[in-house]
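A closer look at the structure
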Amino acid sequence: MLIARSLPELRAATADLRTGSGRLALVPTMGALHAGHGALVAAALASGAATVASIFVNPLQFSPTEDLARYPRDEAGDLAKLKEWGCRLAWLPDVATMYPADGATVIEPSGPAEGWEGAARPGHFRGVATVVAKLFGQVGAEAAYFGEKDWQQLQVVRRMVTDLHLPVTVVGVETVREADGLALSSRNRYLSAAERARAPALARALRQAAAALAAGAAAAGVLTEARAALSADGFGVEYFALVDGPSLRAIAHTVPGARLVAAARLGPVRLLDNCAIPGRGAG
Ligand code: PAF
């Protein structure tokens, strides 16, 4: 596996890969890799493209109250995983490359970036959209792979690509879960044993609510009940909502492509998850 740490190294490496394989696929990450990232790499490899993974802990998507310094970092472990998964190139830019001191341009997404994570983490999607646009420009891959676990992020990136006519196909990959249903996340490591045992209740609540909605139950009652059950279980529920999948607008009734999205605190960890409504399409 090639490793690039500067733009000239990246250009040389992507040119090499293009000569050998033709198409490139990008898997953007912030490191602390787990099987969820492995699924993104596997989906990219299955497309037949040479797979490039970026690792960059993006300061612009952390708010001042979030602890950027505490974000888990394990470069050697991450590189070993990428190599084992079949990645052809790891792109490891530094902050000065991504955000030069004279930089004056950011991307300010609205639409699907508003509400939910956008409201809870002001500036977060500005940081995500800006870094993702830079990665797209740097790597020049034909396709990029993102997890459905961060449903809102996936829609923000899709909207940006459409609005800016970026020449990249955005592919969403299904959430990878532990056997008990907990969605994989780099932050799960901060759950205590007792919290870890309670954590799958969020995915369960989403599944049950989705099944009730699919069976025709009224959304208001289903959502209220789910929030109450999670609160009784010790979760600090921030939102548990029914939305139109692509736009993230709250809706009162299920429609094709509707999605349940949720964020809840358990101890020090903010768990995020989401779920399609069975029989209603993926959105
Ligand atoms: O999902 C992530 O890990 C990050 O938000 C991303 C897409 C790599 C941008 O920094």
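These figures come from a predicted structure and were not determined experimentally.

**Considering the packing of aromatic side chains**
Per the counting criterion, the structure on display carries four aromatic pairs. Ring geometry for Phe56 and Tyr99: centres 6.3 Å apart, planes at 40°, overall tilted. Separated by 43 residues along the polypeptide, Phe56 in the loop between strand 3 (50-55) and helix 3 (75-85) and Tyr99 in the loop between helix 4 (95-98) and helix 5 (117-120) bring together distant segments of the chain. Owing to a relative accessible area of 7%, Phe56 belongs among the buried residues under this scheme. Between Trp116 and Tyr239, the aromatic rings sit 5.2 Å apart at their centres with planes inclined by 55°, giving tilted as the arrangement. Separated by 123 residues along the polypeptide, Trp116 in the loop between helix 4 and helix 5 and Tyr239 in strand 7 (residues 236-244) bring together distant segments of the chain. Arg259 extends its terminal NZ or CZ atom over the ring of Trp151, reaching a point 3.8 Å from the ring centre.

**So, the environment of Phe136**
Along the chain, the position of Phe136 falls in helix 6 (residues 124-139). For the pair Phe136 and Leu166, spaced 30 residues apart in the sequence, the C-alpha separation amounts to 8.3 Å. Each residue touching Phe136, except ones within four places of it in the same chain, is listed here: Leu26, Ala141, Ala144, Phe146, Val157, Met160, Val161, Leu166 and Val168.

**A short note on the pattern of salt bridges**
The final tally for this structure, using the stated rule, is 11 salt bridges. Residues Arg18 and Glu142 are paired through a salt bridge, measuring 3.0 Å at the closest nitrogen-oxygen approach. Pair noted here: Arg18 is in helix 1 (residues 7-21) and Glu142 is in the loop between helix 6 and strand 5 (143-147), with a separation of 124 residues, a long-range link. On the accessibility criterion, Glu142 (32% relative accessible area) is partly exposed. Arg270 is the salt-bridge partner of Glu238, the closest N and O atoms lying 2.8 Å from each other. With a gap of 32 residues between them, Glu238 in strand 7 and Arg270 in strand 9 (residues 269-276) connect regions that are remote in the sequence. Residue Arg270 is classed as buried on the basis of its relative accessible area, which comes to 17%.

**Some thoughts on the nonpolar core**
Grouped together as the largest cluster of nonpolar side chains are 39 residues, with contacts concentrated most on Leu26, Val132, Phe136 and Phe146. If one sorts the elements of this core by residue count, helix 6 sits on top with eight residues. Setting aside anything within four residues of it in sequence, one finds Phe146 in contact with Pro28, Leu40, Val132, Phe136, Gln153, Leu154, Val157, Val170, Val171, Gly172 and Val173.

Calculation rules
- Residues numbered from 1 in each chain as written.
- Predicted model: local features only at pLDDT ≥ 70, side-chain atom pairs only at ≥ 80, totals over all residues.
- Heavy atoms only, no water.
- Phe/Tyr/Trp six-rings, centres within 6.5 Å; stacked < 30°, edge-to-face > 60°.
- Helix = DSSP H or I, 4+ residues; strand = E, 2+ residues; numbered from the N terminus.
- Buried < 20%, exposed > 50% of the residue type's maximum accessible area, 1.4 Å probe, protein only.
- Lys NZ or Arg CZ within 6 Å of the ring centre and 35° of its normal.
- Contact = heavy atoms within 4.5 Å.
- Salt bridge = Lys/Arg side-chain N within 4 Å of Asp/Glu carboxyl O.
- Core = buried A, V, L, I, M, F, W, Y, C linked by side-chain atoms within 4.5 Å.

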